[in-house]
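Architecture at a glance
Take a look at the letters that make up each chain.
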2 protein chains.
Amino acid sequence: MSLFITTLKQRRQKLAQLIDIPVILWSGKAPSRNFRANRYPFRASSHFLYFAGISLENAVIRLENGQLELFIDDPAPESTLWHGETPTRDAIAAIIGADRAYPLEELLPKTAHAATIGVQDLATYQQQQNILNRPIFPSNAPKEIDLTLAQAIVTLRLTHDQEAIAQIRKSVKVSIEAHKIGMKSTALATTEAQVRGTMEGVIMAHNMSCAYGSIVTVHGEVLHNEEYHHPLQQGDLLLADVGAETQLGWASDITRTWPVGGKFSATQRDIYDIVLAAHDNCIEAMKPGVEYREIHLLGARIIAEGLVNLGILRGNPDNLVEKDAHALFFPHGIGHLLGLDVHDMEDLGDLAGYETRRHRSDRFGLEYLRLDRPLASGMVVTIEPGFYQVPAILNDSQRREKYQNDVNWEKLAQFADVRGIRIEDDVLVTETGTEVLTIDLPTQATEIERLC
Amino acid sequence: MSLFITTLKQRRQKLAQLIDIPVILWSGKAPSRNFRANRYPFRASSHFLYFAGISLENAVIRLENGQLELFIDDPAPESTLWHGETPTRDAIAAIIGADRAYPLEELLPKTAHAATIGVQDLATYQQQQNILNRPIFPSNAPKEIDLTLAQAIVTLRLTHDQEAIAQIRKSVKVSIEAHKIGMKSTALATTEAQVRGTMEGVIMAHNMSCAYGSIVTVHGEVLHNEEYHHPLQQGDLLLADVGAETQLGWASDITRTWPVGGKFSATQRDIYDIVLAAHDNCIEAMKPGVEYREIHLLGARIIAEGLVNLGILRGNPDNLVEKDAHALFFPHGIGHLLGLDVHDMEDLGDLAGYETRRHRSDRFGLEYLRLDRPLASGMVVTIEPGFYQVPAILNDSQRREKYQNDVNWEKLAQFADVRGIRIEDDVLVTETGTEVLTIDLPTQATEIERLC
Ligand SMILES: [Mn+2]
Ligand SMILES: [Mn+2]
């Protein structure tokens, strides 16, 4: 039996140890892009992928007592003309170690008392309700047996087995190549779009896809900037948050920030080194049992401290963090779970990110924290501190008043050429500490300059 | 008033001349990719784009008497943090020459007796039915006033105004660059995926997207092959069907087939020249009033004739086409409409492609013809003859029997290194004939070799 099948069977067994209800998971369908024959690339539901192992469109699995039944239709004879020979149901069943395999129409009689998780594509979601003959709450608010199932899956997917980690390493490797080539390509590029095309081209060349919409921008202060139309100018910093996903669906998530002209200015370098210090210290402090929230607060403190040293913030770093002054410049969380999803299991709302009975804070400095659990061996998380001058934050009159005396606004004005910096690595929690999976991509400013 | 707004107003006026019912069109929303914050790239509905001009997510337009009312919400204050400053409703209204603009909630009271076209994303489709308070048939089977609207839109979109043609030229230009760089990159590439990454990278570098899922394959005989895992080997032909789409949504659609090793073999060259002859003769024969179906049959006849000359087919070319023997090797249509969609208006089923009262043939050699209308000045169509050795066709026992004496199977076996060839150009029908919009990308075998 292949290692792949062994791993899949272990996942199925572990699920059976956690719950004793039958489970039915749908893979989903590719959405149409304006007309039916023009489809977005298919991406199977992550929960399906976790137990079925491979991407199968319009397939369903039924799990019970560690056994897997696969429901999928054989390709229509006519589809051979357009899509070539594709594997039969039985061949697929062998690949994934299914215990039995049936056409889709045989699912209906086997649905009694089964739990499921709502998928994202509405057509399949409606099918789920029709076939299970009951309302299904959306996946970010599961109820009753579906909540029980979601909690069991969270328990399993929170920490990764060797096969999963091997997949994440594969996607990380390609992402690193994309970033290195992206850095090198910047000297000859004149727009963000060109660097993006180069980086995503590398990912495609490895027959992988992007795990999320790439951010490649000289306006890093726009946090979710998925436009690429700005010209590159000497003196700009380019922030690239680009990550590959393997064919089996496992993600990576890497951000680097580099100088368009190949050299950081003195002010850029000063801020860069603060963000890097936060990054390094956070990773250093991680090990099983440590609260991720404390890692976030440590990152915040180091950023506050660095900004005090530069004269941008005034006062005691601990006090500044307590009043969320760091969040003026670092308004997001220090990172998140990584796995089959780039924000792993975010389809389940905060069920995966937040330990039972914990909830999002409404503090300005904590509300965007996506993970609030003690670290455990086998977790993969990102560490991604940043510094941004977000006009919507810094020009907000209430905030300006509240933090009037905490910020040296004249000093800050000297750092106008630092609009946005982020450094993001993917970190595996080990028995004793951490392994930085993205270690082969340098973070030091001088090494970044060398790669440009 | 800008040319852009003038054109949009003309389109709206022309619609008012064709129908006197109010029209409401939705732009749609980006589908989720496994969790809500991970979205596929947004693509607005083409009918919306045609009258609104630019891509606006979650927007609605209401057209009546040539006037356009825009319904869109201003960005939430909180979204500025994540997405930066985005234009206000009023700014957008000015860009597209809207006569009035309102928040979305003001749409409901203005929906009486309005026609619409069902969009592809199910969430918006449900919204359409809720807001119009009636069932809406899917766009490929519109009924009653929605059918009246669809027919009017087909009338408008069948031929293109100057602004549309300028957009198609823009996307063609980028696609040509992608193909040239793709050809040049092949010598150093070892997999299909690498060439695809290079070609799509060029499209992204121009801040455009792909109009459809790229085909880049050494197995061109799989007609809709959207996998890229095959290695490239000396002696293979690489078939690349790759087209860009402008930011305003206008498509291009180009296929070239080139030798991985830089030189066609004698057998490949023989077949290539037959496909090219079909391509050239079809374009030569096009002018307003000519039936596109006749162009298809002309292409079929030239392919049959060429194959007779090579000794692969036996008999009289006209008789061979009459019994669909050409379709053993050229099983698809000669092309299709091109515009905002790569298969323009295919969301409306055959309403655009087929003249009123015409329907798909069930003849093997005609059933995949997507366009059956007389050509008219301002139409843009593709011309894309091909030759394929599709195992599902050639090994089909019924077909083998039927065409037993029409094919010289031993002769055919000598052409085993020609699995799939297609040559596809985008052609504008002019007052007097045609203009090949893709003319700057060579089609001659020797010129292709020079580019490799
Ligand atoms: Mn991240
Ligand atoms: Mn085409």
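All values derive from a computational prediction rather than experimental measurement.

Next up on the list: the overall build of chain A. Along chain A, the regular secondary structure elements total 15 helices and 16 strands. In terms of overall dimensions, chain A is globule-like: its C-alpha atoms have a radius of gyration of 23 Å, near the 22 Å expected for 452 residues. Counting across all 452 residues of chain A, residues that qualify as buried make up 60%. Element-wise, carbon and sulfur atoms account for 49% of the exposed surface of chain A, whose accessible area totals about 17700 Å². Across chain A, the mean location of the 43 positive side-chain charges is 1 Å away from that of the 60 negative side-chain charges.

Moving on, we get to the pattern of salt bridges. Residues and elements named next belong to chain B. Taken as a whole, this structure holds 63 salt bridges over all chains when the rule is applied. Among the ionic pairs, Glu 221 bridges to Arg 419, the shortest N-O distance being 4.0 Å. Within this pair, whereas Glu 221 is found in the loop between β8 (215-217) and β9 (237-242), its partner Arg 419 is found in the loop between α14 (409-413) and β14 (420-422), the two being separated by 198 residues in sequence.

Residues and elements named next belong to chain B. Read across the open sheet, the four strands follow the order β1-β4-β5-β6; overall the sheet is mixed. Looking along the sheet, the strands with just one partner apiece sit at the ends: β1 (23-26) and β6 (100-102). The average angle at which neighbouring strand axes cross in this sheet is 20°, direction not considered. One ladder, built from four bridges, connects β1 with strand β4 (residues 60-64); its direction is antiparallel. Opposite Leu 25, over in β4, you have Ile 61 as the bridge partner. Here helix α4 (residues 89-96) sits on the sheet and contacts β5 (67-71) and β6; the angle it forms with β5, its principal contact strand, is near 150°.

Residue and element names in this part refer to chain B. One way to put it is that helix α1 (residues 3-18) packs onto α4 with a least axis distance of 8 Å and a crossing angle of 80°. Here α4 runs roughly perpendicular to α1, going by the angle between their axes. For the pair α1 and α4, contact is made by Phe 4, Ile 5, Leu 8 and Arg 12 and by Ala 94, Ile 95 and Ile 96, respectively.

A few words now on the coordination of the manganese ion (ligand 2). Ideal geometry at a metal gives 109.5 degrees between four tetrahedral donors and either 90 or 180 degrees between six octahedral ones. Residue and element names in this part refer to chain B. Within the protein, Asp 253 (OD), His 336 (NE2), Glu 384 (OE) and Glu 424 (OE) serve as the donor atoms for the manganese ion (ligand 2), at 2.0 to 2.4 Å. Coordination of the manganese ion (ligand 2) draws on donor residues from a single chain, spaced D-x82-H-x47-E-x39-E in sequence. Of the two residues, His 336 is situated in the loop between α11 (317-322) and β12 (380-383) and Glu 384 in the loop between β12 and β13 (386-388); the sequence distance between them amounts to 48 residues. Relative accessible area serves as the criterion here: at 4%, His 336 is assigned to the buried category. Judged by relative accessible area, Glu 384 falls into the buried class, the value being 8%.

Time to look at unusual backbone geometry. Residues and elements named next belong to chain B. Phi at Asp 324 takes a positive value of approximately 65°, unusual for a residue other than glycine. Relative to the elements of secondary structure, Asp 324 occurs in the loop between α11 and β12. Non-glycine residue Met 345 carries a positive phi angle of around 65°. Relative to the helices and strands, Met 345 is located in the loop between α11 and β12.

Okay, the interface of chain B and chain A next. Buried accessible area, meaning the area lost when the parts come together, often serves as the stated size of an interface. Taken together, the contact between chain B and chain A spans 60 residues of the former and 60 residues of the latter. Summed over both partners, the interface of chain B with chain A comes to about 4700 Å²; 58% of that surface belongs to carbon and sulfur atoms. Taking the shortest distance from any N to any O, the salt bridge between A:Arg33 and B:Glu245 comes out at 2.9 Å. Here chain B is connected to chain A by 14 residue pairs in polar contact (both at pLDDT 80 or more). Those elements giving two or more residues to the side of chain B that touches chain A turn out to be β2 (32-33), β3 (35-39), α3 (79-83), α5 (122-132), α8 (192-205), β7 (209-210) and α12 (391-394) of chain B. Tallying contributions element by element places α8(B) first for the side of chain B that touches chain A, with eight residues. Looking at the side of chain B that touches chain A residue by residue, the class counts come to 26 nonpolar, 23 polar and eleven charged.

Moving on, we get to the relation of the copies chain B and chain A. Under the fitted operation, chain B is carried onto chain A by 0.0 Å of movement along the axis and a turn of 180°, and the coordinates agree to an RMSD of 0.0 Å. The operation mapping one copy onto its partner corresponds to a two-fold rotation axis. No C-alpha of chain B approaches the rotation axis more nearly than that of B:Gly201, which lies at 2.4 Å.

Attention now goes to the environment of A:Asn405. Within the element layout of this structure, A:Asn405 appears in the loop between α13 (397-402) and α14 (409-413). Through-space distance from the C-alpha of A:Asn405 to that of A:Arg314 is 7.3 Å; in sequence the pair is 91 residues apart.

Let's shift gears to the coordination of the manganese ion (ligand 1). Residue and element names in this part refer to chain A. All of the protein donors around the manganese ion (ligand 1) are Asp 253 (OD), His 336 (NE2), Glu 384 (OE) and Glu 424 (OE); their distances to the metal are 2.0 to 2.4 Å. In primary sequence terms, the donor set of the manganese ion (ligand 1) follows D-x82-H-x47-E-x39-E. Of the two residues, Glu 384 sits in the loop between β12 (380-383) and β13 (386-388) while Glu 424 sits in the loop between β14 (420-422) and β15 (425-429), which places them 40 residues apart along the sequence.

Moving on: the pairing of strand β5 (residues 67-71) of chain A. Residues and elements named next belong to chain A. Most of β5 sits inside the fold, with four of its five residues counted as buried. Of the pairings in the sheet, the one linking strand β4 (residues 60-64) to β5 comprises five bridges and is antiparallel in character. Bridging across to β5, Arg 62 finds its partner in Glu 69. Hairpin connection of β4 to β5: two residues between the antiparallel strands, including Asn 65 at a positive phi of 55°.

Here is what the cut-offs are and how they apply
Residues numbered from 1 in each chain as written. Chains lettered and ligands numbered in written order. Predicted model: local features only at pLDDT ≥ 70, side-chain atom pairs only at ≥ 80, totals over all residues. Heavy atoms only, no water. Helix = DSSP H or I, 4+ residues; strand = E, 2+ residues; numbered from the N terminus. Rg over C-alpha atoms; globule rule 2.2 N^0.38 Å. Buried < 20%, exposed > 50% of the residue type's maximum accessible area, 1.4 Å probe, protein only. Areas by Shrake-Rupley, 256 points an atom, 1.4 Å probe, with all protein chains shown as cover. Lys, Arg positive; Asp, Glu negative; His and termini not counted. Charge placed at Lys NZ, Arg CZ, Asp CG, Glu CD. Salt bridge = Lys/Arg side-chain N within 4 Å of Asp/Glu carboxyl O. Pairing = 2+ DSSP bridges. Axes fitted to C-alpha atoms, helices over the stretch in contact; angles between N-to-C directions. Contact = heavy atoms within 4.5 Å. Parallel < 35°, antiparallel > 145°, perpendicular 65-115°, else oblique. Donors = N, O, S within 2.8 Å, 3.2 Å for Na, K, Ca; no water. Buried area = accessible area lost by both parts, 1.4 Å probe. Polar contact = N/O pair within 3.5 Å; in protein donor to acceptor, adjacent residues only side chain to side chain. Nonpolar A, V, L, I, M, F, W, Y, C, P; charged D, E, K, R; others polar. Least-squares fit on C-alpha atoms with pLDDT ≥ 70 in both.

Everything listed here is a matter of coordinates, which is why it stays silent on function.
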